[in-house]
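Structural features, examined
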Amino acid sequence: MIRINDIIDRAVDVNPDADIDIINRAYIYSARVHQGQMRLSGEPYLSHPLEVAKILADMNLDSTSIAAGLLHDVIEDAEATRVTPEDLKSMFGKEVAHIVSGVTKLSVLPFSSAQARQAESIRKMILAMADDIRVILIKLADRLHNMRTLQYHKSAKRKEIAQETLDIYAPIAGRLGIYWVKKELEDIAFMNLNYGEYSKILSRLNKGRQESEKYIETVKTLIQKKMEASQLKCEVLGRYKHIYSVYQKMISQNLSFEEIYDVIAFRIILSTIPQCYEALGILHSMWKPIAAKFKDYIAVPKPNMYQSLHTTVIGPYGERVEIQIRTWEMDKVAKSGIAAHWGYKEGKKMDETILKRFSWIQNLVENQENFRDPSEFLENVRIDLFPDEIYVFTPRGEIKSLPKGATPIDFAYLIHTEVGNQCTGAKIDGRMVSLKHELKTGNIVEIITTKGHHPSKDWLNYTKTVKARTKIRQWIKAQEKERSLSLGREMCEKAFRKHRLNFSERSKSPAMETVVGEFGLKSLEDLIASVGYGKITPLQVVRKFLPKPEAEEEALLTKGVEKRERKKTKEGVIVKGVDDILVRFAKCCRPVRGDAVTGYITRGYGVTIHRTQCINALKMNPERQIEVEWAPETIETFPVKIRVRALDRVGLLADLAANISKNAANILSARSENRSDDETVTSFFTISVENTTHLDRVLADIRRIKNVQEVVRIGR
């Protein structure tokens, strides 16, 4: 177990004036309240806060942060520790208590699902992060140590924690510029989620390590000599890319391991910015540069303050070589991110210019307020955390950061909501372009607006930012509500007239207030809109006003018709609260029994069933969403598409077909694509399965076939 003296020594190395007393007191208090508690590894619980504090000290953080790290679990484990925020406040001050409260999860609150708990925990973390950035730094240190000891959890729990780490925590570390934490989190998460691929890449890296070490030394020596000849004092480093980044490149570019040229990358560190550009010129005179692979992050830094020159050249053996050039100060920022510019040191406030660099945190806060549905909120947090950024300019020369693939509409909403709503055209570098045009780094973007113009639903298909999508959907929702109110009122009046009732009169009666409450709604307007949307049928409303015998007779008659219709269709899905409605399955995501599903009302087409995480479903108006569930005791199969990537060999297709058939899954269609350059074959099958368990069994069997590298379920 790490010793408190090691942590104190590190804190003093970073800042000789560090408040050692608060660290010592936090250690003693944490040891006392956690006494008798054990971790799954069998170690005393105190080992965890000590490891977290050591990681924070290695980040060069202040004494308050280290003390909060030692205390970060004392409120969360309140049942065992009996510690309250007030206790912390009285003993360690308002600042420490505030940070520890921000780190604490919402584990004590009841939620409808694990996803809802995760969403609310992350929502709270985002709000606390915007208030005091130290909250997320402690949370990252906590997660890093938990990932290092993940092997003590059961398999299902390991995968759940690893996936959350890959989705949320690793991207946050990257956005804060703390790349060493990001890389370690990604590699451990990847190892637990896909050990097969992880071990393959690791063994291939290790296999050629001796040869690679020689290559690194050769290239380093060549660069060093050339720089010394030009009187440029520098340090040259060679490094291996981390395993998860290699895997991502293999998947995103459909490459084999042997085809990845930048498994090894080089870094040149110098004293000044002019020296960086001089070194770049020397490199380009030594080896031919690849123009499309040059990026100047010194002139245009990343939002997380990362600065460097990136270039790829044709190296000494005709191979591609990736090289980064930066100053010592830039290297410090690249390693520590926001912690390198820490402004809280012993009570000082964060520099305003640094805070501006992290405006994306404020965007996260603003965006989270618009999403109450847990799955939608988590999806949008991922979008905000994973931007592969581009940098564009306003006509006045201001730099704006947007995710890769962003369009003029995203830019317009970034400027102002009204500019976005009234956007009718755009000029890129003085030339008119369509609103679908993808922006590129360095573009000067000018938005053309027309007063009275409104957003289009089609814009959702080519917007990338959460802000733009949220504002467009808000406008559409308002418009659809107006239309649904009109349609709903018309439908209710017609249904009431059919039963010789006056809808206008009934809507003003106290009975209508009771009916609104019975449907779980707040107002008559909500009831009428729900009828217009199709969530409630006008017949359901009318029945509430019919005399009991007549209502029962009507219900029985309708039920008989519904039963007959349902027998014919055998959809396998029940739409909650609505029985007399057509159901169809979306082809974009092809839901299978056992998938988490949601329904979307489409006028004239009934309810379309999507998987909850389907991108098309996430684009739709939430007002049209309706709860659905799989019907019990229906025997039917569902079509699903799978993709199999394997090294080509004789009899491969026959083995694939045999394994699918062996598992009682019918093959509806099949096609294969060969790649001569790497001797791989990609096969696409549409198979019919009973449920997700059946599908998982088929996929597991295919993975065991010789030469198969990857098996995944796909949408269309």
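Residue numbers here run from 1 along each chain, matching the order of that chain's written sequence. Whole-chain, interface and lining totals are the exception, using all residues; otherwise, since this is a predicted model, local features are given only for residues with pLDDT of at least 70 and side-chain atom pairs are given and counted only at 80 or more. In computing side-chain values, all of the structure's heavy atoms are included and hydrogens and water are not.

**Brief notes about the overall build of the protein**
The cut-off we apply is this: Numbering of helices and strands runs from the N terminus, with a helix taken as a DSSP run of H or I at least four residues long and a strand as a DSSP run of E at least two residues long. Exposure categories follow from relative accessible area, calculated using a 1.4 Å probe and restricted to protein chains: below 20% of the type maximum is buried, above 50% is exposed, and the middle band is partly exposed. Shrake-Rupley sampling with a 1.4 Å probe provides the accessible areas, and residues are treated as covered by the protein chains on show and by no other component.
Helix and strand content of the protein: 30 helices and 20 strands. Going through the 716 residues of the protein one by one, you find that 49% of them count as buried. Carbon together with sulfur atoms contributes 51% to the accessible area of the protein, which is approximately 35500 Å² in total.

**Side note on unusual backbone geometry**
In the Ramachandran plot, Gln-231 falls in the positive-phi region, its phi being about 55 degrees despite a non-glycine side chain. With respect to the element layout, Gln-231 can be found in the loop between α13 (209–229) and β1 (235–240). Located in the positive-phi region is Arg-500, a residue other than glycine, with phi close to 55 degrees. Residue position: Arg-500 is located in the loop between α22 (466–498) and α23 (503–507).

**Some details on the nonpolar core**
Stated formally: Among the buried residues, those of types Ala, Val, Leu, Ile, Met, Phe, Trp, Tyr and Cys that are joined through side-chain atoms within 4.5 Å form a nonpolar core. Contacts are assigned to residue pairs that have any heavy atoms within 4.5 Å of one another.
In this structure, Leu-71, Leu-88, Leu-140 and Ile-201 are the most contacted members of the largest nonpolar core, which totals 71 residues. If near-sequence neighbours (up to four positions away) are discounted, Leu-71 is found in contact with Ala-26, Tyr-29, Ser-30, Leu-88, Phe-92, Val-96 and Val-100. Residues Ile-642, Ile-660, Ala-665 and Val-698 belong to the second largest nonpolar core, which totals 30 residues.

**Here we look at the sheet that holds strand β5 (residues 320–327)**
Convention followed: Strand pairing is assigned whenever DSSP identifies at least 2 bridges connecting the two strands.
Across the sheet, which stays open at both edges, the 5 strands sit in the order β1-β2-β5-β4-β3 with mixed pairing between neighbours. In this open sheet, the two edge strands, each paired with only one partner strand, are β1 and β3 (295–296). Relative to strand β2 (residues 264–270), β1 is paired through 6 bridges, and the arrangement is antiparallel. Across the sheet, residue Glu-235 finds its bridge partner in β2, namely Ile-269.

**A few points about the sheet that holds strand β12 (residues 583–585)**
Ordered in space as β12-β14-β13-β15, the 4 strands form an open sheet in which the pairing is mixed. Each of the sheet's edge strands pairs with one partner strand only, and the pair in question is β12 and β15 (625–626). By the bridge criterion, 6 bridges tie strand β13 (residues 597–602) to strand β14 (residues 606–611) in an arrangement that is antiparallel. Paired with Gly-599 across the bridge in β14 is Ile-609.

**Section: the pattern of salt bridges**
Two side chains bearing opposite charge may form a pair once their charged atoms approach each other closely. For the record, the criterion: A pairing counts as a salt bridge when a side-chain nitrogen of Lys or Arg comes within 4 Å of a carboxyl oxygen of Asp or Glu.
What the rule picks out here adds up to 23 salt bridges. One salt bridge connects Glu-95 with Arg-134, and the closest N-O pair in it is separated by 2.5 Å. Of this pair, Glu-95 sits in helix α7 (residues 94–103) while Arg-134 sits in helix α9 (residues 134–148), and the two are 39 residues apart along the sequence. A relative accessible area of 35% places Glu-95 in the partly exposed class. Between Arg-148 and Glu-184 there is a salt bridge; the shortest N-O distance is 2.7 Å. Taken together, the residues span a long stretch of sequence, with Arg-148 in helix α9 and Glu-184 in helix α11 (residues 179–193) at a distance of 36 residues. Classification of Arg-148 by relative accessible area gives partly exposed; the value is 34%.

**What to know about helix α10 (residues 155–175)**
Note the threshold: Each residue after the first adds 1.5 Å to the expected span of a helix. To get the bend at any residue, fit one axis to the seven residues that end at it and another to the seven that begin at it, then take the angle between the two axes.
Compared with an ideal rise of 1.5 Å per residue, which puts 21 residues at 30 Å, α10 spans 29 Å between its outermost C-alpha atoms and is within 8% of the ideal. The principal kink in α10, of about 45 degrees, is found at Thr-165. Of the residues flanking the end of α10, it is Gly-177, one or two places downstream, whose phi is positive at about 80 degrees.

**Remarks on the side chain of Arg-143**
Relative to the helices and strands, Arg-143 is located in helix α9. With residues up to four places along the chain from it excluded, the contact list for Arg-143 reads Ile-161, Glu-164, Thr-165, Tyr-169 and Leu-185.

**What about the state of the cysteines?**
Here is the rule: Two cysteine sulfur atoms form a disulfide, by the criterion used here, when they sit within 2.5 Å.
Using the criterion set out here, one finds 0 disulfides in the structure. Looking at the unpaired Cys-588, the closest cysteine sulfur is the one in Cys-614, lying at 3.5 Å. Given the relative accessible area of 16%, Cys-588 is considered buried.

**Considerations on the environment of Glu-627**
In this fold, Glu-627 is placed in the loop between β15 and β16 (628–630). A relative accessible area of 55% means that Glu-627 is categorised as exposed. Separated by 53 residues in the primary sequence, Glu-627 and Ile-574 have C-alpha atoms spaced 8.8 Å apart.

**Observations regarding the packing of α10 against α11**
How we decide: What counts as an axis is a line fitted to C-alpha atoms, over the stretch in contact for a helix, and the angles between N-to-C directions run from 0 to 180 degrees. Each angle gets one of four labels, with under 35 degrees taken as roughly parallel, over 145 as roughly antiparallel, 65 to 115 as roughly perpendicular, and the rest as oblique. Crossing handedness follows the turn of the near helix against the far one: under a right angle anticlockwise gives a left-handed crossing, and clockwise gives a right-handed one. Amino acids are sorted into nonpolar (Ala, Val, Leu, Ile, Met, Phe, Trp, Tyr, Cys and Pro), charged (Asp, Glu, Lys and Arg) and polar (every other residue, Gly among them).
One way to put it is that α10 packs onto α11 with a least axis distance of 9 Å and a crossing angle of 160 degrees. It follows from the interaxial angle that α10 and α11 lie roughly antiparallel. Our pair here, α10 against α11, has a crossing hand that is left-handed. Packed against α10, whose contacting residues are Arg-158, Lys-159, Ala-162, Gln-163, Thr-165, Leu-166, Tyr-169, Ala-170, Ala-173 and Gly-174, the element α11 presents Tyr-179, Val-181, Lys-182, Leu-185, Glu-186, Ala-189, Asn-192 and Leu-193 at the interface. Grouping the amino acids of the contact of α10 with α11 by side-chain chemistry returns 10 nonpolar, 4 polar and 4 charged.

**Quick look at the packing of aromatic side chains**
Just so we agree on the cut-off: Think of it this way: a Phe, Tyr or Trp ring, Trp meaning its six-membered ring, pairs with another when their centres are within 6.5 Å, and the plane angle makes it stacked under 30 degrees, edge-to-face over 60, tilted otherwise. In our convention, an over-ring charge means Lys NZ or Arg CZ found within 6 Å of a ring centre and within 35 degrees of that ring's normal.
Taken as a whole and judged by the stated rule, the model has 14 aromatic pairs. It is Lys-544 that lies over the ring of Phe-519; its NZ or CZ is 5.3 Å from the centre. It is Arg-671 that lies over the ring of Phe-684; its NZ or CZ is 4.3 Å from the centre.

**Examining the confidence of the model for the protein**
Under the convention used in this document: The predictor attaches a confidence to each residue, and that confidence, scored 0 to 100, is pLDDT.
Averaged over every residue, the pLDDT of the protein is 80; the share at 70 or more is 81%. Mean pLDDT in the protein bottoms out at helix α27 (residues 548–569), which sits at 49, and peaks at helix α15 (residues 273–286), which reaches 93. Ignoring residues within four places in sequence, the model shows residues 343–348, a span with pLDDT below 50, making 18 contacts including any to other chains. A low-confidence stretch, residues 560–570 stays under pLDDT 50, and its non-local contacts, those more than four residues away or across chains, total 5 contacts.

**Side note on the pairing of strand β4 (residues 309–314)**
Most of β4 is tucked away, with 5 of its 6 residues classed as buried. Inspection of the sheet shows β3 paired to β4 by 2 bridges, in the antiparallel sense. Within the sheet, the bridge partner assigned to Lys-295 lies in β4 and is His-310. Sheet topology places β4 next to β5; 6 bridges connect them, and they run antiparallel. From the neighbouring strand, Thr-312 faces β5, where its bridge partner is Glu-322. The antiparallel pairing of β4 with β5 creates a hairpin that spans 5 residues between the two strands, and Gly-318 there sits at a positive phi of about 80 degrees.

**Here we look at the environment of Lys-404**
In this fold, Lys-404 is placed in the loop between β7 (399–403) and α20 (408–415). With 37 residues separating them along the chain, Lys-404 and Thr-441 place their C-alpha atoms 9.0 Å apart.

**Quick notes on the packing of helix α4 (residues 63–71) against α7**
In the contact formed by α4 and α7, the axes pass within 9 Å of each other and the chain directions differ by 50 degrees. By the angle between their directions, the pair α4 and α7 is classed as oblique. When the axes of α4 and α7 are compared, the crossing they make is right-handed. Between α4, through Thr-64, Ala-68 and Leu-71, and α7, the contact on the second element is made entirely by Glu-95, Val-96, Ile-99 and Val-100.

**Description of the environment of Thr-612**
Locating Thr-612 in the fold gives a position in the loop between β14 and α28 (615–619). Owing to a relative accessible area of 25%, Thr-612 belongs among the partly exposed residues under this scheme. Separated by 17 residues in the primary sequence, Thr-612 and Asp-595 place their C-alpha atoms 8.3 Å from one another. Other than its neighbours up to four places away in sequence, Thr-612 contacts Ala-596, Val-597, Thr-598 and Leu-618.

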